[in-house]
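# Survey of secondary and tertiary structure
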Amino acid sequence: MIVLKFRKPGTGMPIQPSHMVKRYNLENTYHRIFIYLLLICGIIFTPVQHTEAQGNEAFRNPNLPVDQRVIDLLSRMTIEEKIAQMDMISGRPLTGINRLNMELAATMVGANGVGSIHDFYPASPDLVNELQLFILENNRFEIPALILEETLHGYVQQGSTTFPIPLALASTWNPDLIEDVGHAIASEARAQGTTVGLSPVLGIARDPRWGRVEETFGEDTYLVSVMGLAMVEGFQGENLNQPDAIASCVKHFAMHSMPVSGTNSSPVSIGQRDALQFFLPPFQTAVLQGGARGVMTAYSEWNSVPCTGDSWLLTDLLRDQWGFTGFTLADMGAIRMLSTCHFATDSPSASLQRAVAAGVDMQFYDFPSEFFRSELLRLVQSGELDLADIDRAAGNVLRLKFELGLFENPYVDPSCAEEIVHCREHRELSLEAARESIVLLQNDGVLPLDDGIRRIAVVGPSGENTYTGGYSPRGASAQTILDGLQEVAGDGVEIRYIQGVSFIDEGVPIPHEALWTMDESVNGLDASYYSNINLEGNPEVTRIDSSVNFAWDTHSPVHGLPPDSFSVRWEGWLVSDVDFTGWIGVSSDDGSRLWLDDELVIDTWETGVTIRRYEVHFHADHKYKIRMEYRENQWGASAGLRWNMDSEDIDGAVQLAEWSDVVIVAAGENDLLVGENRDRLDLGLSGNQSELLRQVSQTGIPVILVLQTGRPVTLGNDALHADAVITAWFGGEYAGKAIAEVLFGEVNPSGRLPITFPRTTGQIPCYYNRKPSRIMRYSDGDAQPQYPFGHGLSYSCFEYSNLTLEAESWTVDDTVRFSVEVENGSDREGTTVVQVYINDLYSSVTTPLKELKAFERVTLEAGERRTVHFEIPVEHLSLVDEGFHFVVEPGEFELMVGESSADIRVRTTFRILDETE
């Protein structure tokens, strides 16, 4: 039970805030905690002899409580069988085209079963059933496997519905919609055999340089908590054993989302108070209110302790304080990184011991199964690891399998997938989410486009961009802005397109006409493909590649090579038919090197790059000896040999603009700029997009800037060159149509920013809930953000009035109740997001000038007025005091209501009374 007490001098009662309680899904919570405590307090199960016939064991009885079934099964298992439940294997090698590799499955799974399988993504549900049957038949107790897959904004299997990225979903400020999206993703995943989804990401995104900002729900604790809770409840439904539910594994625990310098997996410099107040509550909400059944640990370190080896995070806080009874999964390689990256342990064995003892229940490809299982066994037998830790970990994994109903029904109905995956209802939901996620950032009156528009020029690299964001379903493709305009505009509107510039100055692939093999017999380069990452031994395949412009992703580059752990050497000659001063460059995801006339001019062998350039003057008809080497370690493969000859055409874009009635500058990012390990130094429009915008604006034709990104960008003075700006993020598979509907006014924009748009990169960190002592002043520019948190315009206008409190003072056990009147003062229906902020005016520790505490989407007809009612439990006003306890301090609070964090329309104050008053 949560008990609130006022802080008294020298004391403090620890409490935990309950953000946004919607409904409780944790049945028998106290019973589960009691059983769990018995497990970790020394009741160590050892194999015992049972005389009942197979099938009569207690763990097979679905009518018994889950914890009783777990205890019974653990008591029958050997240590080896328990350890097997802590192991995850890769499903990628197990399946080819519509067939299961049984021999490999037998080797990888073994006779003791397996905890989970990831990266399986079978071509059909039949293969999941076939694999589960194989696993059941090859372990003593017929224990099924968890199938864990990525479900960030769509089930990552080809053909699944692609929804907008989480940052876009958060822009809807519509938790009911997010819950529907979660349910749609879960139903498609479960229909194809997946039982655990590795999402949502619950990090607080305060540094948009970090490439994974697109995976988050933004910068605010309350908004992330609400949206994360909605997604978890959408995934898990009312009961995990239903065919439309999967377990949610939230990530990355914890504080992973604000790495030093904005670079992925770097250390986190966040104090304990800020961690408790801002970064941990979304996880607590997901666990306590949402009943999330999985938690993934973070790669990063916090307080100089790697999160994957932090017993305070994984046991003291997560389990002992929050009562979490699900399973913990280390992020891929995070256990191994304890010794190879953090140097907090001195060996793989020590890393395993520390992680499991700290509270990790399952590995994620850290070590080969044989080593993982044998080493854990040795650690237990040597006394270096308690058997109770193994029982805890295996018990948590087994508990989830029971909750999912896998012991009763480990299979899926193959016919369900055909009806559910990418069904009409889910496609329509994706379109609606895209519509509600679009944020109108500025508008000088050019939008919505009127009926007089007959010629539209579209320029910029996003015009034909189909990228849908990181962790999208495989092969996902978005409707482009061009496609959307052509669908919505009608026959009377002519639309023309010139790209003009690239997302980055990445040049173009060197064409095969400029490349020759070593013997100069044909155009192209001699290519040698090796089945290792160091170009060792004899090549597996030799051939001639016409050019180097490959995006293999997770597929094998040539027959006979694996999709990972290979290397390539390209050799030949480069001959330009004209004199050319510019650069030659390479792009790769893992590592590459380039020699020109036997001189090593580019070396990125240890780290892949979006593009690395070497300035050079090419002489016409001179032969340049060229050699490029590439290595692919794991997780996606791409390689390119490029130069910047004839790569851009700003003049053509300007000419097209002069022809038009309105110019749409389609700008933003692509997969080379944003996503995991795609962190940025500068958040301005990349490449020459700013120059394109500037030159097009000089034509005098109205300019609409449409941003498709996975993070905020810093426009600075670029915003002055646009008559209107919208951000559409990566809006899912129907992004183009949703954008066009907003531009033409068929949809009235209602999105609001879940994250601040800084004016310049130098303002970072730049988030709305700043402390009062933060001085917002610079000697060389404006300190205010370009577009604040919560900002978003509409084609309607709204007026706020009559903020009315039910009382002027409240006690600790009360709920603050109030109302505000909102009126649509325009001649068209529209939606506003009523945002409620609180300021604790005086407190024992410093608190932000304002914090979001409630919000409501309100749709009003033209001229309609409505009274909107709010309730905020007083406990939501708690802070972490000097003794690191959650308390509500008596005193005066300011209540602010408006359309954004910077657009407060009405305000008042109220008091929280001391218990002696």
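How each quantity is defined
Residues numbered from 1 in each chain as written. Predicted model: local features only at pLDDT ≥ 70, side-chain atom pairs only at ≥ 80, totals over all residues. Heavy atoms only, no water. Helix = DSSP H or I, 4+ residues; strand = E, 2+ residues; numbered from the N terminus. Rg over C-alpha atoms; globule rule 2.2 N^0.38 Å. Buried < 20%, exposed > 50% of the residue type's maximum accessible area, 1.4 Å probe, protein only. Contact = heavy atoms within 4.5 Å. Areas by Shrake-Rupley, 256 points an atom, 1.4 Å probe, with all protein chains shown as cover. Lys, Arg positive; Asp, Glu negative; His and termini not counted. Charge placed at Lys NZ, Arg CZ, Asp CG, Glu CD. Salt bridge = Lys/Arg side-chain N within 4 Å of Asp/Glu carboxyl O. Pairing = 2+ DSSP bridges. Polar contact = N/O pair within 3.5 Å; in protein donor to acceptor, adjacent residues only side chain to side chain. Axes fitted to C-alpha atoms, helices over the stretch in contact; angles between N-to-C directions. Parallel < 35°, antiparallel > 145°, perpendicular 65-115°, else oblique. Left-handed = near helix turned anticlockwise from the far one by under 90°. Nonpolar A, V, L, I, M, F, W, Y, C, P; charged D, E, K, R; others polar. Phe/Tyr/Trp six-rings, centres within 6.5 Å; stacked < 30°, edge-to-face > 60°. Patch = residues over 30% accessible without salt bridge, like charges linked within 9 Å, V, L, I, M, F, W, Y side chains within 5 Å.

## Remarks on the overall build of the protein
Secondary structure assignment for the protein yields 21 helices and 37 strands. The C-alpha radius of gyration computed for the protein amounts to 29 Å, which stays within 12% of the reference 29 Å derived for 917 residues, consistent with globular compactness. Taken over the C-alpha atoms alone, the protein extends approximately 85 × 75 × 55 Å along its principal axes. Within the protein, the fraction of its 917 residues that count as buried is 62%. Long-range contacts, defined as pairs at least 24 residues apart, comprise 78% of the intrachain contacts of the protein with a sequence gap of at least 6. A total accessible area of about 33600 Å² is found for the protein, and carbon and sulfur atoms account for 46% of it. Put simply, the protein has 66 plus and 130 minus side-chain charges, and the middle of one group is 4 Å from the middle of the other.

## Thoughts on the pattern of salt bridges
Where charged atoms from two side chains of opposite charge approach closely, those side chains can pair. This structure, assessed with the given rule, holds 44 salt bridges. D67 is the salt-bridge partner of R399, the closest N and O atoms lying 2.9 Å from each other. In this pair, R399 sits in helix α15 (residues 387-403) while D67 sits in helix α2 (residues 66-76), placing the two residues 332 residues apart along the sequence. Using a relative accessible area of 2% as the deciding quantity, one classes D67 as buried. The shortest N-O distance in the salt bridge between D545 and R543 comes to 2.6 Å.

## As for the sheet that holds strand β3 (residues 146-149)
Strand order in this open sheet of seven strands is β1-β2-β3-β4-β5-β6-β9, and the pairing throughout is parallel. Edge positions in the sheet fall to β1 (88-90) and β9 (327-329), since each has one partner strand and no second. As paired elements, strand β4 (residues 196-197) and strand β5 (residues 247-253) share two bridges and run parallel to each other. By the bridge assignment, V196 is partnered in β5 with A247.

## A closer look at the environment of T699
Mapped onto the elements of the fold, T699 is located in the loop between α20 (689-697) and β26 (703-708). Expressed as a C-alpha distance, the spacing of T699 and V663, which sit 36 residues apart in the sequence, is 9.9 Å. Aside from chain neighbours lying at most four places away, what touches T699 is V654, A657 and E658. Within the local environment of T699, its side chain forms a polar contact with the backbone nitrogen of I701, the two atoms lying 3.3 Å apart.

## A few points about the packing of helix α4 (residues 102-109) against helix α5 (residues 125-137)
Running from N to C, α4 and α5 point in directions that differ by 50°, and their axes come no closer than 11 Å. As summarised for this structure, α4 and α5 are arranged oblique, according to the angle between their axes. In this structure, α4 meets α5 at a crossing whose hand is right-handed. Contacts between α4 and α5 involve M102, A105, A106 and V109 from the former and E130, F134 and I135 from the latter. Partitioning the contact of α4 with α5 into residue classes produces six nonpolar, no polar and one charged.

## Observations regarding the environment of E691
The topology assignment puts E691 in helix α20. Since its relative accessible area comes to 28%, E691 is described here as partly exposed. Considered as a pair, E691 and M896 are 205 residues apart in the sequence and their alpha carbons are 40 Å apart.

## Brief notes about the pairing of strand β25 (residues 662-668)
For β25, a buried count of seven out of seven residues is recorded, marking the element as mostly surrounded by other parts of the structure. A two-sided burial pattern is seen for β25, the buried positions comprising V662, I664, A666 and G668 on one face and V663, V665 and A667 on the other. Across four bridges, the pairing between strand β11 (residues 455-459) and β25 is parallel. By the bridge assignment for β25, I456 is matched with V662.

## A look at the sheet that holds strand β32 (residues 851-860)
Spatially, five strands are ordered β29-β37-β36-β31-β32 in an open sheet, and the strand pairing comes out mixed. Of all strands in the sheet, those with a lone pairing partner are β29 (809-810) and β32, marking the two edges. Summarising the sheet, β29 and strand β37 (residues 904-912) pair through two bridges and their orientation is parallel. Its bridge partner lying in β37, S809 is registered against R911.

## Quick word on the pairing of β37
Remember that side chains alternate between the two faces of the sheet whenever the strand is regular. Bridge analysis of strand β36 (residues 891-898) against β37 gives eight bridges, and the strand direction is antiparallel. Looking at β37, one finds that V897 is bridged to V906. Remark: five residues form the turn of the hairpin made by β36 and β37, two consecutive strands paired antiparallel.

## Remarks on the packing of aromatic side chains
For any two aromatic rings, the description comes down to two numbers: the centre-to-centre distance and the angle of the planes. Counted according to the given criterion, the structure contains 29 aromatic pairs. Each ring, one from W302 and one from W312, has its centre 5.9 Å from the other, and the planes form 40°; the classification is tilted. Highlighted residues: W302 in strand β7 (residues 301-302) and W312 in helix α11 (residues 311-321), separated in sequence by ten residues. With relative accessibility at 3%, the residue W302 sits in the buried group. A ring pair is formed by Y529 and W570, whose centres lie 6.4 Å apart and whose planes are at 80°; its orientation type is edge-to-face.

## Here we look at a negative patch on the surface
Residues D176, D180, E425 and E856 make up a contiguous surface patch of negative charge. With respect to the helices and strands, E856 occurs in strand β32. Residue E856 is classed as partly exposed on the basis of its relative accessible area of 38%.

So, to be careful, I would describe these as geometric facts and stop short of saying anything about function.
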